[in-house]
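Here is what each chain is made of, one letter per residue.
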Amino acid sequence: MTGRKPRIGILTSGGDCPGLNAVIRAAVKTAERLGYGCIGFLRGFEGLVDPVSYMPLDSRATAGILTQGGTILGSSNKGRFSATTGEDQRVPLDPWLLEQVAQTVRQLSICGLICVGGDGSLTIAQQLHEFGIPVIGVPKTIDNDLAATAFTFGFDSAVASATDALDRLHTTAASHERVMVLEVMGRHTGWIALHAGIAGGGDVILMPEIDWTYENVCRKVLLREEEGKHFTLIVVAEGARLPAGGTVHTPAAGECQQVRLGGIGLVVAEEVSRRLKRDVRTVVLGHLQRGGSPTTFDRVLATQFGAHAVRLVHDGQFGQMVSYHPPQIDNVAISEAVRSLSRVDVGSSAVQAARALGISFGDAAELLSPFAHGERSPAAHSPPVA
Ligand code: F6P
């Protein structure tokens, strides 16, 4: 070991999202004040192994990145480091890779490795931790599907993009009396669809957590017609299951071990159009919702995550992931966070509020009274009739 000051390593892994740079900046600034040096590994975990690639990080290198989308370190969600092949399917890493990472960490005097990533990346981080590498996790994903934290950063920014798309679709759908389908991301969960659907005045929300039928979707469109509303906005999560079963996706190919989701918006539009014999249009929001500047909320969350991650390194609390339990930032074992995904609770107040307003989830429930979901009906509050 040389006489140089201990260094914290940082990497960003998996699909990018707004707020990654805010985490890097916050971690570097906090580390500097505590007397650590920092280096950033490039292209996720790949930067840790042959050819090892990294860049020095200090407050000069990170100046001005708070507002920038993407990640100055680059990211990767395929290649040699892949610990998940699908929902809840874990793959052990090649022991040779683990040994290579340990060697890099030793050679570069890394006293703590901050891994910023989603479920797949943190599953890798957990394996590094079990191998004895001093790892701290930071939860990132626009999908908001990581357990043990109320929110991941990136989610709020993605919802803001999807809401903006709905706002724009609203005016054109109303002008042309059209049914419009907006497909948003959400691999295993409907967090983005639900929140954007509520914020953007969606009429139908389709997501993986709730089984739906075309009959119910079409019924909602017709109901709106009867109410004199000649347009309908349908929000569908890319990972929603079709009524006949299965998702709409392209099979995994090459280095990519996960299927590529996408296309359900077109499928839904085609079928609704066929059944109702009317014009239905689709917009696939795709990576637009992953790019661009983070929202205020995400900047604040990411900054707190970055600062807390460094504190955990400083305190030697390895194998932990920073997490948000409003109003506090704290930490949990990474193993707890990657045990299972966080799905939308179909009994949550957000779902209940949406139903109370008449938003359809494509199931039969919107045909019931708005108070049929756990709340007392007005009749229950009435005085008994004499
Ligand atoms: O996990 C985040 C996510 O944006 C998913 O919603 C989506 O299915 C996936 O990443 C897309 O990844 P890629 O950009 O590699 O196609």
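Calculation criteria
- Residues numbered from 1 in each chain as written.
- Predicted model: local features only at pLDDT ≥ 70, side-chain atom pairs only at ≥ 80, totals over all residues.
- Heavy atoms only, no water.
- pLDDT = per-residue confidence, 0-100.
- Contact = heavy atoms within 4.5 Å.
- Near = heavy atom within 4 Å.
- Polar contact = N/O pair within 3.5 Å; in protein donor to acceptor, adjacent residues only side chain to side chain.
- Areas by Shrake-Rupley, 256 points an atom, 1.4 Å probe, with all protein chains shown as cover.
- Nonpolar A, V, L, I, M, F, W, Y, C, P; charged D, E, K, R; others polar.
- Domains from an automatic or database assignment.
- Buried area = accessible area lost by both parts, 1.4 Å probe.
- Salt bridge = Lys/Arg side-chain N within 4 Å of Asp/Glu carboxyl O.
- Pairing = 2+ DSSP bridges.
- Helix = DSSP H or I, 4+ residues; strand = E, 2+ residues; numbered from the N terminus.
- Axes fitted to C-alpha atoms, helices over the stretch in contact; angles between N-to-C directions.
- Phe/Tyr/Trp six-rings, centres within 6.5 Å; stacked < 30°, edge-to-face > 60°.
- Buried < 20%, exposed > 50% of the residue type's maximum accessible area, 1.4 Å probe, protein only.
- Core = buried A, V, L, I, M, F, W, Y, C linked by side-chain atoms within 4.5 Å.
- Expected span 1.5 Å × (residues − 1).
- Parallel < 35°, antiparallel > 145°, perpendicular 65-115°, else oblique.
- Left-handed = near helix turned anticlockwise from the far one by under 90°.

Considering every residue of the protein chain, the mean pLDDT works out to 93; 91% of them sit at 70 or more. Taken as a whole, residues 374-386 scores under 50 in pLDDT and shows five contacts with residues more than four places along the chain or in a different chain.

Moving on, we get to the site of the ligand. The environment of the ligand is formed by N77, I142, D143, M185, G186, R187, E238, H287 and R290. Take N77: an N or O atom from its side chain is 3.0 Å from an oxygen atom of the ligand. The fraction of the free accessible surface of the ligand (400 Å²) that becomes covered by protein chains is 76%. Its residues assigned to classes, the shell around the ligand shows two nonpolar, three polar and four charged.

Looking now at the domain arrangement of the protein chain. As far as domains go, the protein chain holds domain 1 (7-153 + 294-337) and domain 2 (157-291 + 344-367). Here the C-alpha centroids of domain 1 and domain 2 sit 32 Å apart. When the two sides are added together, the surface that domain 1 and domain 2 hide from each other amounts to roughly 1,600 Å², 53% of it contributed by carbon and sulfur. The interface formed by domain 1 and domain 2 contains one salt bridge. In this structure, D16 engages R290 in a salt bridge whose closest nitrogen and oxygen atoms are separated by 3.1 Å. Remark: the boundary between domain 1 and domain 2 carries six residue pairs in polar contact (both at pLDDT 80 or more).

In this section: the sheet that holds strand β10 (residues 232-237). Across the sheet, four strands lie side by side as β9-β10-β8-β13; this open sheet has parallel pairing. Each end of this open sheet is capped by a strand with a single partner; those strands are β9 (204-206) and β13 (280-284). Pairs of neighbouring strands in the sheet enclose a mean axial angle of 20 degrees, with direction left out of account. Both strand β8 (residues 179-184) and β10 contribute to a ladder of six bridges, which runs parallel.

Scanning the entire structure with this criterion turns up seven aromatic pairs. Between F151 and F155 the ring centres are 5.9 Å apart and the planes differ by 15 degrees, which places this aromatic pair in the stacked class. For the ring pair F151 and F297, a centre distance of 6.0 Å and an interplane angle of 85 degrees mean the geometry is edge-to-face. In this pair, F151 is assigned in the loop between β7 (135-139) and α4 (155-176) and F297 in helix α8 (residues 296-314), connecting sequence segments 146 residues apart. Under the relative-accessibility criterion, F151 is labelled partly exposed at 25%. For F297, a relative accessible area of 33% corresponds to the partly exposed category.

Glancing now at the nonpolar core. With 61 residues, the main nonpolar core has I8, I10, I114, V138, F153, I192 and M207 as its most contacted residues. Counting residues per element, this core draws most heavily on α4, which supplies eight residues. Looking at which domains feed residues into this core, each of domain 1 (7-153 + 294-337) and domain 2 (157-291 + 344-367) gives three or more. Ranked by size, the runner-up nonpolar core spans 30 residues in total, among them F45, L48, L113 and I124.

Between its first and last C-alpha, α4 extends 31 Å over 22 residues, near the 32 Å set by a 1.5 Å rise per residue. Regarding α4, the residues found buried are F155, S157, A158, V159, A162, T163, A165, L166, L169 and A173. Residues of α4 that are buried make contact with β8, α5 (191-199), β10, β13 and α8. Just downstream of α4, E177 is the residue with a positive phi angle, here 50 degrees.

The subject of this paragraph is the sheet that holds strand β6 (residues 110-117). The strand order across the open sheet formed by seven strands is β3-β2-β1-β6-β7-β14-β15, and the pairing between neighbours is mixed. Looking along the sheet, the strands with just one partner apiece sit at the ends: β3 (54-57) and β15 (328-333). Neighbour to neighbour, the strand axes of the sheet diverge by 30 degrees on average, direction disregarded. Bridge count between strand β2 (residues 37-41) and β3: four bridges; the pairing is antiparallel.

All right, on to the packing of helix α1 (residues 20-34) against α8 then. Interhelical geometry of α1 versus α8 gives an angle of 40 degrees and a closest axis separation of 7 Å. Considering their axes alone, α1 and α8 lie oblique with respect to each other. Once α1 is placed against α8, the crossing between them reads as right-handed. For the pair α1 and α8, contact is made by A22, V23, A26, A27, T30, A31 and L34 and by R299, A302, T303, G306, A307, V310 and H314, respectively. The residue makeup of the contact of α1 with α8, split by class, is nine nonpolar, four polar and one charged.

Moving on to unusual backbone geometry. With an omega of -5 degrees, the peptide bond running from D50 to P51 counts as cis. Note on placement: P51 falls in the loop between β2 and β3. One non-glycine residue, N144, lies in the positive phi region at around 60 degrees. With respect to the helices, strands and loops of the structure, N144 is situated in the loop between β7 and α4. On the basis of relative accessibility, which here comes to 1%, the residue N144 falls in the buried class.

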